[in-house]
Amino acid sequence: MSRPARQRSPRPPALPPLLAILLVGLLTGGPVAAQSLLEDPLPDAPSFEPVSPDERLTGTVNPGLTERAIPPLRPPEQPPVDYSPLYRLTRPYYDSLFSTRPPREMENPDPATFRPVIIYRPLLGLQPRIYRPGLFELYVSAGISQSFDSNVNLTPTNPIRDFYVTPKMTLEFQLGSPDSIYTDGYDSILALHGTYEGFADIFYLHPELSAYNQRLELSGRIGRSAAIWRPYLSFSDLTGSNLLMVELMDRTRRIRLNTGFAGEYRFTELTSARQTFNFGVFEHPDPTYINFTSFTTRQEIAYRFLKAAKALVWAQYRYTWPDRGFAGGELTVGPGWQGQPDPRIYTELHIGWGFLDMQGNVPGRKNLSGLRFDGYTTFDWGPRFRPTFRYDREYAFNEIDANDNYVSTLIQFRNEFFLGGNYYLTPYLGVALDEFETSHRLILQWRPEIELSYALPSDSLPNQSRVFVKFGYQSSNTIRGEGEPIEQFRVSVGCNWKY
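Residues numbered from 1 in each chain as written. Predicted model: local features only at pLDDT ≥ 70, side-chain atom pairs only at ≥ 80, totals over all residues. Heavy atoms only, no water.

(A) Geometry of the overall build of the protein. Looking only at helices and strands, the protein features 4 helices and 18 strands. In the protein, of all internal contacts separated by at least 6 residues, the share reaching a separation of at least 24 is 56%. For the protein, the exposed surface amounts to about 28400 Å²; the carbon and sulfur share of it is 63%. (Helix = DSSP H or I, 4+ residues; strand = E, 2+ residues; numbered from the N terminus. Contact = heavy atoms within 4.5 Å. Areas by Shrake-Rupley, 256 points an atom, 1.4 Å probe, with all protein chains shown as cover.)

And the structure:
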């Protein structure tokens, strides 16, 4: 559209000599008064176009220039990123020019709950698991490590020292939509996830200690939205030792089977419930050890008090039948919480009081009813550091001495540092205090470990495909009662590959 013709203004008369002198003075004195002029408010933009008899745009003078006479420049190339960032909700990190944002986080379709029903439970690491989007996916991993153990059988005297190699293979499958933060919703009402892991400890100097270990885990999902049932089965056949759990104190073969289901329900936008039923079997091929059969159920009712956090009340009942000694049950009730009070924090805690009802008349038995708790807290400190704090206190049956059961308080710290250049540093510290029922012993155990690893390329989990070196130390000391100290030192070098 052409512009309307404009009327030319009449030529202004010549300036008088005095007015011309004043105008030249103002032009030359402008820089002196610039600061005071800039402090004044600018006038409003004119509502009409100024007179321009011969308008010339910068683009017509020099092709390629914009209207502001600034040559267009190509955007600078971004430096390469050598790490995968945390899944975080805080904006300052993602506003960085050097960050690489992962796929879009899932919006919470169920504000009444955090983990149950819809929301994925985060892992204890720098980044949650990323599953491939197919309805059936298969994951394969393999690894091998070389270790030295200064006390294989965890004995207080005459320790056995030996080198051993551990080849490992894992097969994992996912049928249906996975429970993941990278899934916008449950596309399939039915889903099944399974993992089989097999690894062998092959000793050089003491081949009689060699053993094949295996684990099998199956978990399913039935339902969607307001009601979901999760059946599960877990089987393990392990030969080893672990000082932080008294039942794994000596190196022997242990077979464990757990099966049951968890139901998760949403009543309103603020209230929800969860129930769990579990049946377990714990056996030893060695007849000198005690075998157990147990039944456990837990019921929870929760109320959402924040957008992604809830308070709850819970009750748990467990009954255990040993093949030697007396059976007994425990009822535990109490409050708790679960969720994200802050976008960087995930925390959960069940704290309560356990009431023991043990069968039989055992001389010298101490009533170990009392405080119980379990849970963990993770904190996304930054894109390169994530600490995890785990806590647990429970009543456990002794697999060696009949009726001498114990209450174990276990505290664990696990920190993961990204050092740059695909290097990770993972220190760990576990401390356990065990109080026994009839012998009245009090045992303090602690285990520090540290691992340095180089992460190999991986699309699912950073620092799972890696080359690593790991140092560990274990110690057990009897604070009260009879018992000699036990020490162990272990170093491992190996690699894991996950497809």
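(B) Layout of the pattern of salt bridges. Using the criterion set out here, one finds 21 salt bridges in the structure. The closest approach of N and O atoms between Glu435 and Lys366, which form a salt bridge, is 2.4 Å. Taken together, the positions of Glu435 in strand E15 (residues 423-436) and Lys366 in the loop between strand E11 (345-358) and strand E12 (370-379) put the pair 69 residues apart, joining distant regions of the chain. In the salt-bridge network here, residues are joined through shared partners; they are Lys168, Glu197 and Arg215. (Salt bridge = Lys/Arg side-chain N within 4 Å of Asp/Glu carboxyl O.)

(C) Region of the structure containing the packing of aromatic side chains. Counted by the stated rule, this structure contains 19 aromatic pairs. On the numbers, 5.3 Å between centres and 40° between planes, the contact of Tyr406 with Phe436 is tilted. Of this pair, Tyr406 sits in strand E14 (residues 406-420) while Phe436 sits in strand E15, placing them 30 residues apart in sequence. Within the aromatic cluster, the residues linked to one another by ring pairs are Phe282, Phe292, Tyr395 and Phe397. Arg441 extends its terminal NZ or CZ atom over the ring of Phe436, reaching a point 4.1 Å from the ring centre. (Phe/Tyr/Trp six-rings, centres within 6.5 Å; stacked < 30°, edge-to-face > 60°. Lys NZ or Arg CZ within 6 Å of the ring centre and 35° of its normal.)

(D) Expanded view of a nonpolar patch on the surface. A cluster of nonpolar side chains, contributed by Phe136, Leu138, Val140, Met169, Leu171, Leu175, Leu192, Leu218, Leu233, Leu257, Trp497 and Tyr499, occupies part of the molecular surface with about 1000 Å² of accessible area. Where the nonpolar patch is concerned, the elements lending two or more residues are strand E1 (136-149) and strand E2 (162-175). When its relative accessible area of 31% is taken as the criterion, Leu233 is described as partly exposed. (Patch = residues over 30% accessible without salt bridge, like charges linked within 9 Å, V, L, I, M, F, W, Y side chains within 5 Å. Buried < 20%, exposed > 50% of the residue type's maximum accessible area, 1.4 Å probe, protein only.)

(E) Inspection of the confidence of the model for the protein at higher detail. When pLDDT is averaged across the protein, the result is 77; 70% of the residues are at 70 or more. Least confident of the elements in the protein is helix H4 (residues 91-94), whose mean pLDDT is 37; most confident is strand E9 (residues 309-322), at 95. Confidence drops under pLDDT 50 across residues 1-16; counting only partners more than four residues distant or on other chains, this segment forms 5 contacts. Every residue in residues 65-71 is under pLDDT 50, and counting partners more than four places away or in other chains gives 7 contacts. (pLDDT = per-residue confidence, 0-100.)

(F) Structural view of the pairing of strand E10 (residues 328-342). Of the pairings in the sheet, the one linking E9 to E10 comprises 12 bridges and is antiparallel in character. When the sheet's bridge partners are listed, Val313 is paired in E10 with Pro335. The turn linking E9 back onto E10 is made up of 5 residues, and Gly325 within it adopts a positive phi angle of 95°. Across 11 bridges, E10 lies against E11 in antiparallel orientation. Counterpart to Leu331 in the pairing with E11 is Phe355. The hairpin turn running from E10 into E11, its antiparallel successor, is 2 residues long. (Pairing = 2+ DSSP bridges.)

(G) Inspection of unusual backbone geometry at higher detail. Despite not being glycine, Leu154 shows a phi value in the positive range, around 55°. Take Leu154: its relative accessible area is 1%, and that puts it in the buried class. Not every positive phi belongs to a glycine, and Asn403 is a case in point at roughly 70°. Here Asn403 is to be found in the loop between strand E13 (385-396) and E14.

(H) Examining the environment of Gly472 more closely. You can see Gly472 is positioned in strand E17 (residues 466-480). A relative accessible area of 14% places Gly472 in the buried class. Considered as a pair, Gly472 and Glu451 are 21 residues apart in the sequence and their alpha carbons are 8.7 Å apart. With residues up to four places along the chain from it excluded, the contact list for Gly472 reads Pro448, Glu449, Gln488, Phe489 and Arg490.

(I) Fine view of the side chain of Thr297. If you trace the backbone, Thr297 turns up in strand E8 (residues 292-306). At 3.0 Å, the side chain of Thr297 forms a polar contact with the backbone oxygen of Thr276. Those residues within four positions of Thr297 in sequence are excluded, and the remaining contacts are Thr276, Phe277, Ala315, Gln316 and Tyr317. (Polar contact = N/O pair within 3.5 Å; in protein donor to acceptor, adjacent residues only side chain to side chain.)

(J) Spotlight on the environment of Pro335. Structurally, Pro335 can be placed in strand E10. Residues Pro335 and Ala302, spaced 33 residues apart in sequence, show a C-alpha to C-alpha distance of 9.7 Å. Among residues more than four places away in sequence, those in contact with Pro335 are Leu312, Val313, Trp314, Leu349, His350 and Ile351.

(K) Spatial organisation of the environment of Ser210. Its location among the elements puts Ser210 in the loop between strand E3 (190-203) and strand E4 (211-224). Placed 46 residues apart in sequence, Ser210 and Tyr164 show a C-alpha to C-alpha distance of 8.5 Å. Not counting the four nearest positions on each side in its chain, Ser210 is found in contact with Asp201, Ile202 and Phe203. Within the structure, the side chain of Ser210 is placed 3.0 Å from the backbone nitrogen of Phe203, a separation counted as a polar contact.

(L) The pairing of strand E7 (residues 271-283), seen in detail. Both strand E6 (residues 252-266) and E7 contribute to a ladder of 12 bridges, which runs antiparallel. Residue pairing across strands places Thr259 opposite Phe279, the latter belonging to E7. Pairing of E7 with E8 involves 12 bridges; the strand directions are antiparallel. Paired with Arg274 across the bridge in E8 is Glu300.

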